Amino acid sequence: MQIPPSPHLSHIIKHYLILENNCTKQVNYRLFSDGNPGMVFYFKTPLIQQTAAQISIHPNSFVYGQLTQYKDLLSTGELNILVVVFQSYGLYALSGIAAVDLNDGLIKLNELFKREGSDLEDQVLNETGIRNKIEHIESFVSKKLAGVQCPDKIITGALKLIDSHKGNISVSQLLNILPITEKQLERRFNHYIGISPKRFTAIMKLQYFLKNLQRQSSDTKIADVAYENGYYDQAHLNNYFKKNIGITPSAYKANNLLAINFMQV
């Protein structure tokens, strides 16, 4: 389930996601980038993150930065998760930490925000009703943003252009419109968002493709949807999928999705 934020916070919070699965057996999930950082609260069993180096259990609450590669996660019990999906620069606005320094990482709320983070975790995990939980989150975000300036007009202008073109815009085209050099734009994207403008546009293009793909009937050809979203080479799309999601477009379409970038594998 997706819930919009209060209008006065829509420039920082993109939406809230409620992810639930009543299965008590072991389930493997995959999470990949949607271009946004976030904040997570577990009300039941936390997920387990698996890497080649280690296996670790997620804390009850945390923030996460941009994902530069997909993550494999394991569930051993019922899922009931609230995800605060921030705008691409939202975590920088709240923390003041350069976004690139938070890539592929997660930080407990009480480590990042100290006592305020501990209080927020207690309020959200012990509150009843999703709306009441969200009220605590929005009160916290509003207080953290007091006196904080959001990214400058160059970044917000670039994001609007990328969104209006559904990711089908090159860095050189952005530079033809924005009063900034390529190196300056790269630095600002890394600082505020965590990844390069080229990578960000590619993620946005993929997200629009995935949303369009979900709306199509089962007999619609993936190649036709790909073409409509600016992918003119099926082999290139397949390779991009395998690298960034780990499966093929057809396997994604047939998957049991919990969110557009969170699925069973």
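Since the model is a prediction, treat every value here as computed from it, not as a measurement. (Residues numbered from 1 in each chain as written. Predicted model: local features only at pLDDT ≥ 70, side-chain atom pairs only at ≥ 80, totals over all residues. Heavy atoms only, no water.)

**Side note on the packing of aromatic side chains**
For any pair of aromatic rings, geometry is given as the distance between the ring centres together with the angle between the planes.
Consideration 1: For the structure on display, the rule yields 10 aromatic pairs.
Consideration 2: Here Phe113 and Phe140 contribute two aromatic rings whose centre-to-centre distance is 5.1 Å and whose plane-to-plane angle is 75°, an arrangement assigned as edge-to-face. With Phe113 in the loop between α2 (109–112) and α3 (114–126) and Phe140 in helix α4 (residues 130–145), this pair connects stretches of sequence that are 27 residues apart.
Consideration 3: Judged by its relative accessible area of 4%, Phe113 is buried.
Consideration 4: On the basis of relative accessible area, Phe140 is assigned to the buried category, the value being 8%.
Consideration 5: Ring geometry for Phe241 and Tyr252: centres 6.1 Å apart, planes at 75°, overall edge-to-face. Of this pair, Phe241 sits in helix α10 (residues 234–244) while Tyr252 sits in helix α11 (residues 249–253), placing them 11 residues apart in sequence. (Phe/Tyr/Trp six-rings, centres within 6.5 Å; stacked < 30°, edge-to-face > 60°. Helix = DSSP H or I, 4+ residues; strand = E, 2+ residues; numbered from the N terminus. Buried < 20%, exposed > 50% of the residue type's maximum accessible area, 1.4 Å probe, protein only.)

**Quick notes on empty space enclosed by the protein**
Consideration 1: Applying the stated rule across the entire model yields 3 cavities of 30 Å³ or more.
Consideration 2: For the largest cavity, the calculated volume is near 80 Å³.
Consideration 3: Lining the largest cavity, in full, are Phe32, Ser33, Leu67, Thr68, Gln69, Tyr70, Arg199, Ile203, Leu206, Tyr240 and Asn244.
Consideration 4: Looking at the lining of the largest cavity, the elements with two or more residues in it are α8 (197–215) and α10.
Consideration 5: Tallying contributions element by element places α8 first for the lining of the largest cavity, with 3 residues.
Consideration 6: Classifying every residue of the lining of the largest cavity gives 6 nonpolar, 4 polar and 1 charged. (1 Å grid on protein atoms, 1.4 Å probe; cavity = no way out; pocket = protein on both sides within 12 Å on 5 of 7 lines; lining within 4 Å. Points joined across faces, edges and corners; volume = space filled by probe spheres on them. Nonpolar A, V, L, I, M, F, W, Y, C, P; charged D, E, K, R; others polar.)

**Concerning the sheet that holds strand β2 (residues 13–21)**
Consideration 1: Spatially, the 6 strands line up as an open sheet ordered β1-β2-β9-β4-β7-β10, and their pairing is antiparallel. The open sheet terminates on both sides in strands that have one partner only, identified here as β1 (2–3) and β10 (106–108).
Consideration 2: Bridging between β1 and β2 involves 2 bridges; their strand directions are antiparallel. The residue bridging Ile3 from the neighbouring strand is Tyr16, located in β2.
Consideration 3: Against the sheet, α3 makes contact with β4 (38–42), β7 (61–64) and β9 (79–86), and its axis sits at roughly 55° relative to β4, the strand it touches most.
Consideration 4: Most of the contacts of α4 go to β2, to which it runs at about 145°, and overall it touches β1, β2, β4 and β9. (Pairing = 2+ DSSP bridges. Contact = heavy atoms within 4.5 Å. Axes fitted to C-alpha atoms, helices over the stretch in contact; angles between N-to-C directions.)

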